[in-house]
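Structural description and commentary
So you can see what is in the structure, the chains are spelled out below.
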Amino acid sequence: MKHNGLSTPASEDYLKTIYAHTEWQPERITPSVLAARLGVAPSSVTEMVKKLAAAGLITHVPYGPLALTPVGALRASAVVRRHRLIETWLVREMGYDWDEVHVEAEVLEHALSDRLMDAIDERLGRPVVDPHGDAIPSADGTVVARAGITVDRADPGLVSVVLRVSDRDPVVLRGLARDGIEPGTELEVREPGLVRLPGGDIRPLSDAEAMSIWLTLPPVVE
């Protein structure tokens, strides 16, 4: 992926992480959280933040939260698009399980050409979500807004369809996959740590599982 200005695998990882942080909650990411997510030293984050700000890709105040500029958001969405298309391709075409694709996509998103990415997108039928239910931005950065709530915050009695499952923890993904819990699965919330599966079985959820499963919320009628 070629752009004017700062464009390295490391800078793209920073932009992608900043972008993903606010997809499902409004709080901007802080440098300390960014360092933890990327597994790098705070001093490394400080240096990269300066470079990204100088390139016009983010705005920030010292030690304060970070925000993408419009140019930075478009750049970040392009990286996210590549990552999620690759994850989808690996699951659909290459036989990977959904808990195995993140690390592979981290490498391939920086290596595959735009031409090959376009071919993969066409081959897959231009999907709009990846295997975890995360939105795949369009080429112009557009993402269709979707309303969701995690199981741990849902009211008992809610019957809804799984919208997405966070891909942060492969162990959680493997456990949910064993019981067929994935985007599109209908669940009934009995209590924050308990759901009813489509076949009627009751499935207890760990705290990590309950916080990882997002259920679709109906549109608000005004």
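The following refers to the structure shown. Since the structure is predicted, the reported quantities are computational estimates derived from the model, not experimental observations.

With that out of the way, let us pick up the nonpolar core. Soluble, globular proteins show a tendency: their nonpolar side chains are buried together. In this structure, V151, L176, L187, I213 and L215 are the most contacted members of the largest nonpolar core, which totals 18 residues. Among the elements of the structure, β4 (159-165), α7 (170-178), β5 (186-191) and β8 (213-216) are those that each provide at least two residues to this core. With three residues, α7 is the largest single contributor of residues to this core. When residues no more than four places from it in sequence are discounted, the contact partners of V151 are V189, P192, V195, L205, A210, I213 and L215. In terms of nonpolar packing, the next biggest core, distinct from the first, is built from 16 residues, Y14, I18, V45 and V49 among them.

Here the structure, examined in full by the defined rule, presents one aromatic pair. Seen from their ring centres, W24 and W214 are 4.9 Å apart, and the 45 degrees between their planes marks the pair as tilted. A residue pair is termed long-range when its members are at least 10 positions apart, and W24 in the loop between α1 (9-21) and α2 (31-38) and W214 in strand β8 qualify at 190 residues. The same class applies to W24 as to W214, namely buried.

Now for the pairing of β4. Summarising burial for β4: five of the seven residues are buried, a large majority. Where β4 meets β5, three bridges bridge the pair, whose relative direction is antiparallel. Looking at the pairing, V161 lines up with E186 of β5. Alignment of β4 against β8, held across three bridges, turns out to be antiparallel. From the neighbouring strand, V162 faces β8, where its bridge partner is L215.

Orientation of helix α4 (residues 70-94) relative to helix α5 (residues 101-108), taken along the N-to-C sense of each, is 125 degrees, at an axis distance of 9 Å. When the axes of α4 and α5 are compared, the pair comes out oblique. Our pair here, α4 against α5, has a crossing hand that is right-handed. Contacts between α4 and α5 pair H83, I86, E87, W89, L90 and V91 from the former with V101, H102, E104, A105, E106 and L108 from the latter.

Within the structure shown, the criterion is met by 15 salt bridges. Residues K50 and E47 are paired through a salt bridge, measuring 3.9 Å at the closest nitrogen-oxygen approach. Highlighted residues: K50 and E47, both in helix α3 (residues 42-54), separated by three residues, approximately one helical turn. Under the relative-accessibility criterion, K50 is labelled partly exposed at 49%. The partner of D99 in a salt bridge is R174, and the shortest N-O contact between them spans 3.0 Å. Pair noted here: D99 is in the loop between α4 and α5 and R174 is in helix α7, with a separation of 75 residues, a long-range link. By relative accessible area, which is 16% here, D99 ends up buried. Several salt bridges share partner residues, and in doing so they unite D13, K16, E106 and E109 into one network.

Here we come to unusual backbone geometry. Backbone geometry at Y63 places phi at a positive 65 degrees, although glycine is not the residue there. Considering the arrangement of structural elements, one finds Y63 in the loop between β1 (58-59) and β2 (67-68). One non-glycine residue, R126, adopts positive backbone phi at about 50 degrees. Topologically, R126 is positioned in the loop between α6 (114-123) and β3 (148-150). With relative accessibility at 47%, the residue R126 sits in the partly exposed group.

A few words now on α1. In a regular helix each residue adds 1.5 Å, so 13 residues correspond to 18 Å; α1 covers 18 Å between its end C-alpha atoms and thus fits that length. With ten of 13 residues buried, α1 lies mostly within the body of the structure. Along α1, the residues classified as buried are S11, E12, D13, Y14, L15, K16, T17, I18, Y19 and H21. For α1, the secondary structure elements touched by its buried residues are α2, α3, β1, β2, α4 and α5.

Procedures and definitions
- Residues numbered from 1 in each chain as written.
- Predicted model: local features only at pLDDT ≥ 70, side-chain atom pairs only at ≥ 80, totals over all residues.
- Heavy atoms only, no water.
- Core = buried A, V, L, I, M, F, W, Y, C linked by side-chain atoms within 4.5 Å.
- Buried < 20%, exposed > 50% of the residue type's maximum accessible area, 1.4 Å probe, protein only.
- Helix = DSSP H or I, 4+ residues; strand = E, 2+ residues; numbered from the N terminus.
- Contact = heavy atoms within 4.5 Å.
- Phe/Tyr/Trp six-rings, centres within 6.5 Å; stacked < 30°, edge-to-face > 60°.
- Pairing = 2+ DSSP bridges.
- Axes fitted to C-alpha atoms, helices over the stretch in contact; angles between N-to-C directions.
- Parallel < 35°, antiparallel > 145°, perpendicular 65-115°, else oblique.
- Left-handed = near helix turned anticlockwise from the far one by under 90°.
- Salt bridge = Lys/Arg side-chain N within 4 Å of Asp/Glu carboxyl O.
- Expected span 1.5 Å × (residues − 1).

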